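# Coordinates in review
Listed below, chain by chain, are the residues.
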Amino acid sequence: MSNLHAPTVPSGPTTVPVTNGHATHLSIQELQRKKDNIEAELRALGGVLDSHGVDMNTSLLTHDGFPRADIDVAQIRTTRARIIHLRNDWKDLMALIEKRLHEHFASLEDNDDDTTVNDPTSVNVALPQDSVPETPDPAFAKVNTVVENSPAATAGLKPGDLIRNFGYVNRENHDGLRKVAECVQGNEGQNILVKVSRTNGEGGGRAQELRLTLTPRRDWGGRGLLGCHILPL
């Protein structure tokens, strides 16, 4: 699955359990980012179902009660279970975001009441902690090769780039790059945010953190949807 020149949809359950973790301690900005990641994964999983020509309600059995032979029943069941899990996570997350927003605006009102005209600097107390610079996620993959004029090349990916985030995929959930292939296939023709770390020149200079927009396509003239080969770290 590390060769994305010819990605395939993973079959059956994943070998590493995927968890969204606990969100109660996250800032509003982090909660929003978590919501975006869940929605991106739901789109990708919907693409997996579409690739089989089924949806959440399509029967997986024949008329006489046996599993259908024309589709990957095990994968579809796993994908449906993951979708149900993510939908529940999304509902819980939206409720938490709404609660945090109420708390934030309530604190703004309280701070407005306590602010005096003679102390203009006191308004800074109301600023959310979301202004703290984002800490990059650890890298989980490395770009090995990039084909010229491919979607990967158009996005700006280069050999040696260390991938920190690939859409909703990160070090915690990439499952041996299976989730990367799933994200690619589920977002064909759509933009995927890829965060990479790049060291320019020789001698191990300071790494440059980049945010690239990658659009998987079939019609670029080469194999696969990306035109690059990445390896897990």
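One can find the structure itself at the top, above this paragraph.
Computed from a predicted structure; not experimentally measured. (Residues numbered from 1 in each chain as written. Predicted model: local features only at pLDDT ≥ 70, side-chain atom pairs only at ≥ 80, totals over all residues. Heavy atoms only, no water.)

## Here's the deal with the overall build of the protein
Stated formally: Secondary structure elements follow DSSP: runs of H or I no shorter than four residues count as helices, runs of E no shorter than two count as strands, and numbering proceeds from the N terminus. What sets the accessible areas is the Shrake-Rupley method with a 1.4 Å probe; for residues, cover comes only from the shown protein chains.
Summing up its helical and strand segments, the protein has 4 helices and 5 strands in all. Of the regular secondary structure in the protein, the N- to C-terminal order runs α-α-β-α-β-α-β-β-β. Surface accessibility of the protein: about 13,600 Å² in total, with carbon and sulfur atoms responsible for 51%.

## Some details on the pairing of strand E1 (residues 141-146)
The two faces of a sheet get side chains in turn, since along a regular strand they alternate between them. Keep this limit in mind: By definition, two strands form a pair when at least two bridges between them are found by DSSP.
Strand direction decides the pairing type here: E1 and strand E2 (residues 162-166), joined by 2 bridges, are antiparallel. Paired with lysine 142 across the strands is leucine 162, a residue of E2. Of the pairings in the sheet, the one linking E1 to strand E5 (residues 228-232) comprises 5 bridges and is antiparallel in character. Looking at E5, one finds that threonine 145 is bridged to histidine 229.

## As for the nonpolar core
Inclusion rule: Here the nonpolar core consists of buried residues drawn from Ala, Val, Leu, Ile, Met, Phe, Trp, Tyr and Cys, with membership extended through side-chain atoms lying within 4.5 Å. Between buried and exposed lies partly exposed: a residue is buried under 20% and exposed over 50% of the maximum accessible area for its type, with that area taken using a 1.4 Å probe on protein chains only.
In this structure, Phe140, Ile163, Phe166, Val180 and Ile230 are the most contacted members of the largest nonpolar core, which totals 26 residues. Counting residues in hydrophobic clusters, the runner-up holds 15 residues, among them Leu45, Val54, Ile76 and Leu86.

## Quick look at unusual backbone geometry
Residues other than glycine seldom take positive phi values, yet asparagine 149 does so here, at roughly 65 degrees. The topology assignment puts asparagine 149 in the loop between E1 and helix H3 (151-155). Despite not being glycine, aspartate 175 shows a phi value in the positive range, around 50 degrees.

## Remarks on the packing of helix H1 (residues 28-52) against helix H4 (residues 178-186)
Pairs of packed helices are described in terms of their axes, by the angle between the two and the distance that separates them. Filter applied, for reference: To get an axis, a line is fitted to the C-alpha atoms, and for a helix only the part in contact is used. The angle between two axes follows their N-to-C directions and goes from 0 to 180 degrees. Angles below 35 degrees are treated as roughly parallel, those above 145 as roughly antiparallel, those between 65 and 115 as roughly perpendicular, and all remaining angles as oblique. Note on contacts: a residue pair qualifies if any of its non-hydrogen atoms lie within 4.5 Å across the two residues. Ten residues, namely Ala, Val, Leu, Ile, Met, Phe, Trp, Tyr, Cys and Pro, are considered nonpolar, four, namely Asp, Glu, Lys and Arg, are considered charged, and the remaining ones, Gly among them, are considered polar.
Across the interface, H1 lies against H4 with an axial gap of 7 Å and an inter-helix angle of 80 degrees. What the angle tells us is that H1 and H4 run roughly perpendicular. Contacts from Glu41, Arg43, Ala44, Leu45, Gly47 and Val48 in H1 reach Lys179, Glu182, Cys183 and Gly186 in H4. For the contact of H1 with H4, the residue count by class is 4 nonpolar, 2 polar and 4 charged.

## Examining H4
Counting buried positions along H4 yields 7 of 9 residues, so the element is predominantly enclosed. Of the residues making up H4, those classed as buried are Lys179, Val180, Ala181, Glu182, Cys183, Val184 and Gly186. Buried positions along H4 lie against H1, E2, strand E3 (192-199) and E5.

## Structural notes on H1
To keep it simple, the criterion reads: By this rule, a helix spans an expected 1.5 Å times one less than how many residues it contains.
Taking 1.5 Å per residue, 25 residues should reach 36 Å; H1 reaches 37 Å between its end C-alpha atoms and fits that length. Among the residues of H1, those classed as buried are Leu31, Lys34, Lys35, Ile38, Ala40, Glu41, Ala44, Leu45, Gly47, Val48 and Leu49. One or two residues past the end of H1 sits glycine 53, with phi positive at roughly 75 degrees.

## Details of the environment of lysine 91
Residue position: lysine 91 is located in helix H2 (residues 73-114). When the C-alpha atoms of lysine 91 and lysine 35 are compared, they prove to be 9.6 Å apart, with 56 residues separating the residues in sequence.

## A look at the pattern of salt bridges
Counted only if it meets this: Only one rule defines a salt bridge in this text: a Lys or Arg side-chain nitrogen within 4 Å of an Asp or Glu carboxyl oxygen.
For the structure on display, the rule yields 11 salt bridges. Measuring nitrogen to oxygen at the nearest pair gives 3.1 Å for the salt bridge that ties lysine 35 to glutamate 39. Here glutamate 39 and lysine 35 lie together in helix H1, a separation of 4 residues that amounts to about one turn. Judged by relative accessible area, which is 12%, lysine 35 ranks as buried. Overall, the relative accessible area of 23% leaves glutamate 39 in the partly exposed class. Here lysine 179 ties to glutamate 41 by a salt bridge, and the two come within 3.7 Å at their closest N and O atoms. Highlighted residues: lysine 179 in helix H4 and glutamate 41 in helix H1, separated in sequence by 138 residues. Grouping residues by exposure puts lysine 179 and glutamate 41 together as buried. When salt bridges with common partners are traced through the structure, they connect Glu41, Arg82, Lys179 and Glu182 into a single cluster.

The values are spatial; any link to function lies outside them.
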